[in-house]
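Fold and geometry: a report
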Amino acid sequence: MSIRRHNHHRHGNPETVTDPVCGLLLSKYGTTVRREADGTTYHFCSARCGCAFDADPARYAVSTRWPGTGDAGRTP
């Protein structure tokens, strides 16, 4: 299939997660700052948010669900 024919539609948005510290919506595949806790991967927008998580993981590891978006920052 040629690129011209393939580009007639848009692909769906990449999976997104929410930074559990600041609440920023992120592409799951574009984050470089991640932490593992209790078998779950958490994604962060910056090293600063990652460090805040490190200082008090229990505060941020609690599910902070937003309707329709799943668990904040979490990747099972």
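Everything below is about the structure printed above this text.
Report follows, based on the coordinates.

Once that is clear, we can look at the environment of Leu25. With respect to the helices, strands and loops of the structure, Leu25 is situated in strand β2 (residues 25-27). In contact with Leu25, not counting residues within four places along its chain, are Thr16, Val17 and Thr18.

This paragraph deals with the pairing of strand β3 (residues 33-37). Direction of pairing for β3 relative to strand β4 (residues 40-44): antiparallel, over a ladder of five bridges. Bridge pairing in β4 places Ala37 opposite Thr40.

Take the environment of Gly50 next. With respect to the secondary-structure elements, Gly50 resides in helix α2 (residues 47-55). Spatially, the C-alpha atoms of Gly50 and Val33 are 6.6 Å apart, while their sequence positions differ by 17 residues. When neighbours within four sequence positions are excluded, Gly50 is seen to be in contact with Val33, Arg35 and Phe44.

Turning our attention to the pairing of β4. Taken residue by residue, a regular strand's side chains alternate between the two faces of the sheet. Burial runs high along β4: five of the five residues are buried. Connecting the antiparallel pair β3 and β4 is a turn made up of two residues, with Asp38 showing a positive phi of about 50 degrees.

Our next topic: the packing of aromatic side chains. If you walk through the whole model with that rule in mind, you get two aromatic pairs. Their ring planes at 40 degrees and their centres at 4.9 Å tell us that Tyr42 and Phe53 sit as a pair that is tilted. Of this pair, Tyr42 sits in strand β4 while Phe53 sits in helix α2, and the two are 11 residues apart along the sequence. The two residues Tyr42 and Phe53 agree in class, both being buried. Ring plane angle 55 degrees and centroid distance 5.2 Å describe the contact between Phe44 and Phe53, whose orientation is recorded as tilted. Phe53 matches Phe44 in its accessibility class, with the two residues each being buried.

Rules behind the numbers
Residues numbered from 1 in each chain as written. Predicted model: local features only at pLDDT ≥ 70, side-chain atom pairs only at ≥ 80, totals over all residues. Heavy atoms only, no water. Helix = DSSP H or I, 4+ residues; strand = E, 2+ residues; numbered from the N terminus. Contact = heavy atoms within 4.5 Å. Pairing = 2+ DSSP bridges. Buried < 20%, exposed > 50% of the residue type's maximum accessible area, 1.4 Å probe, protein only. Phe/Tyr/Trp six-rings, centres within 6.5 Å; stacked < 30°, edge-to-face > 60°.

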